[in-house]
Number of protein chains: 4
Amino acid sequence: MEIEIATIGGYEEVGRQMTAVRAGDDIVVFDMGLNLSNVLIHDDIRTEQMHSLDLIDMGAIPDDRIMNDLEGDVQAIVPTHGHLDHIGAISKLAHRYDAPIVAAPFTLDLVKEEIQDEGKFQVQNDLIEMDAGETMPIGDRCELEFVNVTHSIINAINPVLHTPEGAIVYGLDKRIDHTPVIGDPIDMKRFREIGREGQGVLCYIEDCTNANKKGRTPSEAVARSQLRDVMRSLEDYDGGIVATTFSSHIARVTSLVEFAEEIGRQPVLLGRSMEKYSGTAERIGAATFPNDLGMYGHRKSVDRAFKRIMNEGKENFLPVVTGHQGEPRAMLTRMGRGETPYELDDGDKVIFSARVIPEPTNEGQRYQSERLLGMQGARIYDDVHVSGHLSQEGHYTMLDALQPQHVVPAHQSMKGFSGYVDLAAKQGYNLDRDLHVTSNGNVIQLV
Amino acid sequence: MEIEIATIGGYEEVGRQMTAVRAGDDIVVFDMGLNLSNVLIHDDIRTEQMHSLDLIDMGAIPDDRIMNDLEGDVQAIVPTHGHLDHIGAISKLAHRYDAPIVAAPFTLDLVKEEIQDEGKFQVQNDLIEMDAGETMPIGDRCELEFVNVTHSIINAINPVLHTPEGAIVYGLDKRIDHTPVIGDPIDMKRFREIGREGQGVLCYIEDCTNANKKGRTPSEAVARSQLRDVMRSLEDYDGGIVATTFSSHIARVTSLVEFAEEIGRQPVLLGRSMEKYSGTAERIGAATFPNDLGMYGHRKSVDRAFKRIMNEGKENFLPVVTGHQGEPRAMLTRMGRGETPYELDDGDKVIFSARVIPEPTNEGQRYQSERLLGMQGARIYDDVHVSGHLSQEGHYTMLDALQPQHVVPAHQSMKGFSGYVDLAAKQGYNLDRDLHVTSNGNVIQLV
Amino acid sequence: MEIEIATIGGYEEVGRQMTAVRAGDDIVVFDMGLNLSNVLIHDDIRTEQMHSLDLIDMGAIPDDRIMNDLEGDVQAIVPTHGHLDHIGAISKLAHRYDAPIVAAPFTLDLVKEEIQDEGKFQVQNDLIEMDAGETMPIGDRCELEFVNVTHSIINAINPVLHTPEGAIVYGLDKRIDHTPVIGDPIDMKRFREIGREGQGVLCYIEDCTNANKKGRTPSEAVARSQLRDVMRSLEDYDGGIVATTFSSHIARVTSLVEFAEEIGRQPVLLGRSMEKYSGTAERIGAATFPNDLGMYGHRKSVDRAFKRIMNEGKENFLPVVTGHQGEPRAMLTRMGRGETPYELDDGDKVIFSARVIPEPTNEGQRYQSERLLGMQGARIYDDVHVSGHLSQEGHYTMLDALQPQHVVPAHQSMKGFSGYVDLAAKQGYNLDRDLHVTSNGNVIQLV
Amino acid sequence: MEIEIATIGGYEEVGRQMTAVRAGDDIVVFDMGLNLSNVLIHDDIRTEQMHSLDLIDMGAIPDDRIMNDLEGDVQAIVPTHGHLDHIGAISKLAHRYDAPIVAAPFTLDLVKEEIQDEGKFQVQNDLIEMDAGETMPIGDRCELEFVNVTHSIINAINPVLHTPEGAIVYGLDKRIDHTPVIGDPIDMKRFREIGREGQGVLCYIEDCTNANKKGRTPSEAVARSQLRDVMRSLEDYDGGIVATTFSSHIARVTSLVEFAEEIGRQPVLLGRSMEKYSGTAERIGAATFPNDLGMYGHRKSVDRAFKRIMNEGKENFLPVVTGHQGEPRAMLTRMGRGETPYELDDGDKVIFSARVIPEPTNEGQRYQSERLLGMQGARIYDDVHVSGHLSQEGHYTMLDALQPQHVVPAHQSMKGFSGYVDLAAKQGYNLDRDLHVTSNGNVIQLV
């Protein structure tokens, strides 16, 4: 059976992921993501109203015109988890394919919201929920399996396409976490089985985000330990404490909520995306929050919440807000500008349970946000965080577990791939044979 | 009563700390340390045989000739903890003063060993053990108190000299740790009392090592959580695992020993300083190790231990060795060079539970060490560590607790002070009045 | 005679410089500058309409209320050169003092323009032109002298106040340049004389902008050599070439104009500040430009110029535009956004004859600008530049020439001072005696 | 005709370059270099006595066993210039091939010296001198041409193998320099012709050393301008001035010699490799030095020279010495340790006309060297230098000139290639088609 891999998007960048695997006549598409940075560089763009071709030209969504070169039918569109760089182009591209969208529950809910917010296209693909550990047939001879992985969002999976020639493991995005705070540990046992059963692994496509980082990415349990340490150290502080993190990082939000209560403060989630992700997680039962946890998304209700906090004494609350990257219009930046009813006083604490995405635009915005907060007297606790992506020793462990015949680095630029290439080369892979450094828009023939 | 502070050493550098406080006719000396870097820059120097004046000229030990300018008698020499930059010059300088050396038990034992190893001078000062929480009179009107603090070595204290004009708090070296793994948490309650009782704090001398770092230095509990995460992730590895850390970091060594057993390996401490510090800690009851824990210091016994490990299967052991900075003659570097009986295989793991001291010499040596280990196939887990020194939010907390009239940044160069000066200025201190940025060899008149 | 120095602004930052020297009853004020960064952090602020107290609160202009503590009369306000951080607060503060503004011709013209643009205050101080090498009496016993120095703007001087107790040398801003392209070399001979004549130098206030940089800041002749090398290498390119630099950097603009002609292109200066500074320089005869050199400041005339360039063939022109820091509204950024009639094609060249001011906000904006230009196909030549400020060996040379009794580092934050303090300490100065590390708002008693 | 390229060494690193091109039955080998870093990591290795297989195992010389896979006869071994990473393995490998070594005069002389110093192998290949601009036939249908390029050593060429299928341009190492101080400018005209004549360029192998650097590498004329600026600024200094640079960098040494005389000092070249390279350059007429220029290599004659300098007054001399990377045994480091008769005094100047090769080992050694020099009072002028390798705009220009069908990045690791891959991709090359990112030991089939 012919097997080929089309590297549609996310092979020159972090963002707008999309990969298609053809096994005989059947094609499975993994991820359809958005490169938000290529949108934001332009002023005042509203992607909801834009046509996909314009977004492709901007480098915002994958250029899927290469799909015409693949001789087969798309049987499934499989987003691996709910981050925008993996699902953000579904509303622009999925309608072109006569295939269901298959995803884990939380991911699927977020996909639905994307589809609803879309203003230009009507996405009417079937939506199929599939949990980690489950499988579905793809055509006559292949099978799709979801293996549970751990990432900075819940319900992340690595899809595996079992073919007669061996398994194709699509390894985006994950870290190896045995104590993930929410959800099950990564299923390394299953990866090791897949590496050894049948034909073994024909090809492994890997998340190289952190491939230039040494060592092991710590577990979420370590971030939790860091966060608890910071928050417990503030137990006696009787002024305002504010925290921010990735809205979609449900495990972290849960820890913030829990530790707020440990130090005698009432947590409140504020900001549109805070409300969206946590609300969704709670609705599908993936996370449990206190009954009385306030989540406010709309500007007016947020302001009302802030007023209540100021009235009842801000020393009794922990607002968990958006703005961890210093985004100019996010809640925390607005607080820094004094545009909300929440008043910062000298000595008030701001906890960034996130790290700045290392790109000058973000760094500039975050710097401005911290400066504004500092001008109001705030004290900053930053980088209370661990990454959601494998570092080099995680990559080593995955190669050891899967023993793939071919490897394809993804989810980075060439510079980002370099650490992975060095590592794979040391493990015996060769650039001219089985280690495929490629770019967007290519097709790799495996069989 | 006249109060003045002589900034003898460690005010232009990290290393060779020494400060004298005169209150009326009585003088207390805090720390007498060594700047090892200024020794190692020269080839083949053996400090044991060197005269103090030569070591002063080299910048290796404090230039205490300024003591002649202080009109009073030294009543006590008080090393705050057992690191060489705080006790390493005692054997060269203490005999000049007719005063006892007063220290916590572990520190005092290490001082004794320094004195025994000295080949040039006879130090015969009385050695007085004093625990955190205890006090002793200094002259008629002053009192010396030890407040328990937390640092990367056990038994660290901050000495406080209570004078009629207020307290002098000597704040080197510490972090604020409420969960320090071994020993008691930092006694913030006592610091807050000292800040408010009597005349309050006249002067606070502060450890600025990390004063340019944002946020809060995490607790040792966080390092422990990181370390456990790394070691548990290696539970299934059936080859060699080797760890290295600061020999004097008893809490870390204890964690390494404990986690070794958790993952089914027998820990063994190897290297002269590993044996020295852990042996001392065990002898005085400050740490409890398994009965059968091997500690080997001499070359021959280390080699014998390595041979036994190889014979019995290295997958059953965790050697904890010296060499975390890549020191050319340390155990780990020798392992990298293949000079020990321990053979590294492809995939074997080396855990650096330490970070490189950020200076090009160390960075070069550590890089070489990692390269040598890597050439033998070792996989590196580095920086599994947290610092022992306060970052900016710790400094903020200390100023808030003590409310000192004067502050004196120490334990850094001018560049290192800068973050502290900015912070203190924001809290209302002024360089021309009560914020004393100074250098080695000056006298600050407080009253 | 009593001599004291009030460090009003620019001793915690680069920006809003202001220093007063009192010699007996007479006071001379050096610089009254603006900290633009503290303005721009706020959205949509128009300083022209703002009151000085609000600007003081924002940290935008010096807090000159400390002037009340100085017992004497201001005899002169002396801006050293025409950069905004040295003259930008004159329009807000000078009217409070009954004293003339004394400056070199180019500086004085720029001060006039500041005063004219001011919307809130009426500055009616006398304006006195004084050239490098000239002197004027200050009170009965003092004399003000201008010594020629070299900086990234023409007509920079270092004012020296000769007092009976020795000279006060105000050393902001300069580099030691013996081949400055435009104007005379720095007058080191005069500095050496001042260091040796009469009482010598009582106090030297130094520009520490680059005090943490090793080596020597190269001459403008080196930047010119770099720039010529870049431009000559593009001689055969037959598409668009665009250059940007500091508008006030007349020597650099002159070189750009000259090399444009060397490679057969017609230079055109575009952007409001390009027109302002070059126009002023030409008017006062400080620079000579080709008769037909176009300078266009207003949006409409700029767009007309761009249209003409596109019509006549952009391969025949070198537009020299604003936007070297990626400022969002500057000309080059607008070109990157496609908002001007100038169309960039694949392979067109953009020369940044400037370096990014190393602060995250600038770095973020510059990155965005380069990305936008790159998206249109532009190739970037950046950092074709040398600094206008002394590095460490220049500081060494100045101390050696002046042999001052006291030194006061200025024009930086504490971190920025650190390299200077280390250097001065090595030359025998001492923080507790004659090396005055201070902050905004202090008074140093010298005699 | 079949054309293939074997990437033997230097495709994962900077060092041990070796590439073979087979055109039909004829093979040409470009470079046979040494990776010195992989030698120095081991203690006390003397490569002269070592067997090639051991050196291959160490990664010190290219693993040329892959040559067996190429079906054809080696017709020429062509070192491109005289740096060790290009000629350092000739003495270990060339004797295996029955082919002449063809090189430009200076390169050939250095090859001869390598062969003479070799202790293990007898290299007896013919040595053929060929100048830039000349050609020689390779087999019946191919021709080898040398195109003049500019690098940090004189007599650098880029060899071009003209085949019936197009030209193979071997582009290591160069910058585009139109004003190289010594020798002719790079022959861009010839490159452009080659790009357009006949079949054009089939393949371009490129020097990616600086492919991650933006902009243009400046001409040696710029380094000369920088150096002159530094040295002229020291004209009045009446103490010791010492300079160091790459011994093989004849243009730089020439400038140092010339400027020494300009400021009234007698230059003297000191150190074994200083004597070797400059002596060779002078002997073959490639450089002209003053008749009385002293060059001393042996320890004794160097010490004698130093003594003479001290006797006659060091203010009259400019010693140009080895040690620009802080190598522990080089002359300058020994001066720092006080091991030579040359005594440094406070304020003496040391000019590093070189930059530190950015690797932690070098950085550590250089730091130590500067610290030692500083402890003796020396003032450091560093980085008075420009690189010898193309930056991104040079790469852009070369692609534009040659218009190659295929490109092969070389002379770097994967991380180092990344900037080149990005650039080439932007110019339309594709990783899966004509942009060959490869590693050591592969064969690329072009035709």
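Residues numbered from 1 in each chain as written. Chains lettered and ligands numbered in written order. Predicted model: local features only at pLDDT ≥ 70, side-chain atom pairs only at ≥ 80, totals over all residues.

**Considering the overall build of chain A**
Moving on, step 1. If you tally the helices and strands in chain A, you get 14 helices and 19 strands.
Moving on, step 2. Relative to a compact globule of 447 residues, whose C-alpha radius of gyration would be 22 Å, chain A shows 22 Å and is just as compact.
Moving on, step 3. Its C-alpha atoms give chain A principal-axis dimensions of about 70 × 45 × 40 Å.
Moving on, step 4. When the 447 residues of chain A are sorted by exposure, 60% land in the buried category.
Moving on, step 5. By sequence separation, contacts in chain A at least 24 residues apart represent 75% of the contacts at least 6 residues apart. (Helix = DSSP H or I, 4+ residues; strand = E, 2+ residues; numbered from the N terminus. Rg over C-alpha atoms; globule rule 2.2 N^0.38 Å. Buried ≥ 20, exposed ≤ 12 C-beta atoms within 10 Å, placed from the backbone. Contact = placed C-beta atoms within 7 Å.)

**A few points about the domain arrangement of chain A**
Residue and element names in this part refer to chain A.
Moving on, step 1. Partitioning chain A into structural domains gives domain 1 (3–216 + 388–445) and domain 2 (220–381).
Moving on, step 2. Here the C-alpha centre of domain 2 lies 31 Å away from the C-alpha centre of domain 1.
Moving on, step 3. Listed per partner, the contact involves 16 residues of domain 1 and 16 residues of domain 2.
Moving on, step 4. Its residues assigned to classes, the side of domain 1 that touches domain 2 shows eight nonpolar, five polar and three charged. (Domains from an automatic or database assignment. Nonpolar A, V, L, I, M, F, W, Y, C, P; charged D, E, K, R; others polar.)

**Comments concerning the packing of helix α13 (residues 392–402) of chain B against helix α14 (residues 414–426) of chain B**
Residues and elements named next belong to chain B.
Moving on, step 1. Between α13 and α14, the least distance of the axes is 10 Å, while the angle of their chain directions is 45 degrees. When the axis of α13 is compared with that of α14, the two are oblique. The element α13 and its partner α14 pack so that their crossing is right-handed. Along the contact surface, α13 presents Q392, H395, Y396 and L399, while α14 presents G419, Y420, L423 and A424.
Moving on, step 2. Among the residues forming the contact of α13 with α14, the class breakdown is five nonpolar, three polar and no charged. (Axes fitted to C-alpha atoms, helices over the stretch in contact; angles between N-to-C directions. Parallel < 35°, antiparallel > 145°, perpendicular 65-115°, else oblique. Left-handed = near helix turned anticlockwise from the far one by under 90°.)

**Some details on the environment of D85(B)**
Residues and elements named next belong to chain B.
Moving on, step 1. Residue position: D85 is located in helix α3 (residues 84–87).
Moving on, step 2. The spatial distance from the C-alpha of D85 to the C-alpha of M18 is 9.2 Å, given a sequence separation of 67 residues.
Moving on, step 3. Residues within four places of D85 in sequence aside, it is in contact with V14, G15, R16, Q17, G33, L34 and N35.

**Describing the relation of the copies chain A and chain B**
The relation between the two copies of this chain is a rotation about an axis and a shift parallel to it.
Moving on, step 1. Turning chain A through 180 degrees and shifting it by 0.0 Å along the axis lays it on chain B, with an RMSD of 0.0 Å. Between the two chains, the operation in question is that of a two-fold axis.
Moving on, step 2. A share of 100% of interface residues in chain A that are also interface residues in chain B marks the association as one of identical surfaces. (Least-squares fit on C-alpha atoms with pLDDT ≥ 70 in both.)

**Section: the sheet that holds strand β18 (residues 406–410) of chain D**
Residues and elements named next belong to chain D.
Moving on, step 1. Taken together, the six strands give an open sheet; going across it, the order is β7-β8-β9-β10-β11-β18, and neighbouring strands pair in mixed fashion. Since the sheet does not close on itself, it has two edges, and those belong to β7 (135–138) and β18, each with one partner. Here the average twist between neighbouring strands, direction ignored, is 20 degrees.
Moving on, step 2. Relative to strand β11 (residues 201–207), strand β10 (residues 166–171) runs parallel, the two sharing five bridges. Residue pairing across strands places Y170 opposite I205, the latter belonging to β11. (Pairing = 2+ DSSP bridges.)

**Thoughts on the environment of Y342(D)**
Residues and elements named next belong to chain D.
Moving on, step 1. By the element assignment, Y342 lies in the loop between α11 (331–336) and β16 (349–353).
Moving on, step 2. Looking at Y342, the number of C-beta atoms within 10 Å reads 25, which means it is buried.
Moving on, step 3. Considering only alpha carbons, one finds Y342 and M310, 32 residues apart in sequence, at a separation of 6.3 Å.
Moving on, step 4. Excluding residues within four positions of it along the chain, Y342 makes contact with F306, I309, M310, P319 and M335.

**Comments concerning the UniProt feature "binding site: Zn(2+) 2" (unreviewed entry) in chain A**
Residue and element names in this part refer to chain A.
Moving on, step 1. The UniProt record marks D85, H86, D173 and H411 with the feature "binding site: Zn(2+) 2" (unreviewed entry), using the residue numbering of this structure. Spatial clustering of the annotated residues is evident: they stretch over 327 residues in sequence, but the largest pairwise C-alpha distance comes to 10.5 Å.
Moving on, step 2. Tracing the chain through its elements places H86 in helix α3 (residues 84–87).
Moving on, step 3. On the basis of neighbour counts, which here come to 31 C-beta atoms within 10 Å, the residue H86 falls in the buried class.
Moving on, step 4. Sequence-distant contacts of H86, defined by excluding residues within four places in its chain, comprise Q17, D31, G33, P79, T80 and H81.
Moving on, step 5. With respect to the helices, strands and loops of the structure, D173 is situated in the loop between β10 (166–171) and α6 (188–196).
Moving on, step 6. With 25 C-beta atoms counted inside 10 Å, the residue D173 sits in the buried group.
Moving on, step 7. If we skip the residues at most four places from it in the chain, D173 touches T80, H81, H151, A156, D207, T209, G388, H389 and H411. (UniProt positions renumbered as here; feature names shortened; annotations may be inferred.)

**Quick word on the relation of the copies chain A and chain C**
Moving on, step 1. Laying chain A over chain C is done by rotating through 180 degrees and shifting 0.0 Å along the axis; what remains is an RMSD of 0.0 Å.
Moving on, step 2. Of the interface residues in chain A, 100% have counterparts in chain C that sit at the interface too, so the contact is made through matching surfaces.

**So, the interface of chain A and chain C**
Moving on, step 1. Contacts between chain A and chain C engage 10 residues on the former and 10 residues on the latter.
Moving on, step 2. Here the side of chain A that touches chain C is composed, by residue class, of four nonpolar, four polar and two charged.

**Section: the interface of chain A and chain B**
Moving on, step 1. Taken together, the contact pairs 22 residues of chain A with 22 residues of chain B.
Moving on, step 2. Mapped by element, the contributors of at least two residues to the side of chain A that touches chain B are α7 (220–233), β17 (379–381) and α13 (392–402) of chain A.
Moving on, step 3. Of all the elements, α7(A) adds the most residues to the side of chain A that touches chain B, at eight residues.
Moving on, step 4. Each residue belonging to the side of chain A that touches chain B can be placed in one class, and the counts come to eight nonpolar, six polar and eight charged.

**Overview of the UniProt feature "binding site: Zn(2+) 1" (unreviewed entry) in chain A**
Residues and elements named next belong to chain A.
Moving on, step 1. Under the UniProt annotation, the feature "binding site: Zn(2+) 1" (unreviewed entry) is placed at H81, H83, H151 and D173. Over a stretch of 93 residues, the named residues converge on one spot in the fold, their C-alpha atoms separated by at most 10.4 Å.
Moving on, step 2. Mapped onto the fold, H151 is located in the loop between β8 (142–148) and β9 (157–163).
Moving on, step 3. Residue H151 is classed as buried on the basis of its C-beta count, with 30 C-beta atoms lying within 10 Å.
Moving on, step 4. Those residues within four positions of H151 in sequence are excluded, and the remaining contacts are H81, A156, D173, K174, R175 and G388.

**Things to note about the sheet that holds strand β15 (residues 317–321) of chain B**
All names here are of chain B.
Moving on, step 1. Here six strands make up an open sheet; going across it, the order is β14-β13-β15-β12-β16-β17 and the pairing parallel. Edge positions in the sheet fall to β14 (294–296) and β17 (379–381), since each has one partner strand and no second. Averaged over all pairs of adjacent strands, the angle between their axes in this sheet comes to 20 degrees, without regard to strand direction.
Moving on, step 2. Where strand β16 (residues 349–353) lies against β17, three bridges are found, and the strand directions are parallel. The partner of I351 across the bridge, within β17, is Y381.
Moving on, step 3. Packed onto the sheet, helix α9 (residues 272–283) meets β13 (266–270), β14 and β15 and runs at close to 130 degrees relative to β14.

**Examining helix α10 (residues 299–312) of chain A**
Residues and elements named next belong to chain A.
Moving on, step 1. The terminal C-alpha atoms of α10, which comprises 14 residues, lie 20 Å apart, in line with the 20 Å expected from a rise of 1.5 Å per residue.
Moving on, step 2. Within α10, burial applies to V302, A305, F306 and I309. Along the axis of α10, the buried positions cluster into a sector of 100 degrees, meaning they face one direction only. Along α10, the residues that are exposed and aim more than 90 degrees away from the buried face are K300 and N311.
Moving on, step 3. If you follow the buried residues of α10, they end up packed against β13 (266–270), β14 (294–296), β15 (317–321) and α11 (331–336). (Expected span 1.5 Å × (residues − 1). Arc of directions from axis to C-beta.)

**Some words on unusual backbone geometry**
Moving on, step 1. Even without glycine at this site, H411(A) takes up a positive phi of about 65 degrees.
Moving on, step 2. Structurally, the position occupied by H411(A) is in the loop between β18 (406–410) and α14 (414–426).
Moving on, step 3. Unusually for a residue other than glycine, D383(D) sits at a positive phi of about 65 degrees.
Moving on, step 4. Looking at where D383(D) falls in the secondary structure, it is placed in the loop between β17 (379–381) and α13 (392–402).

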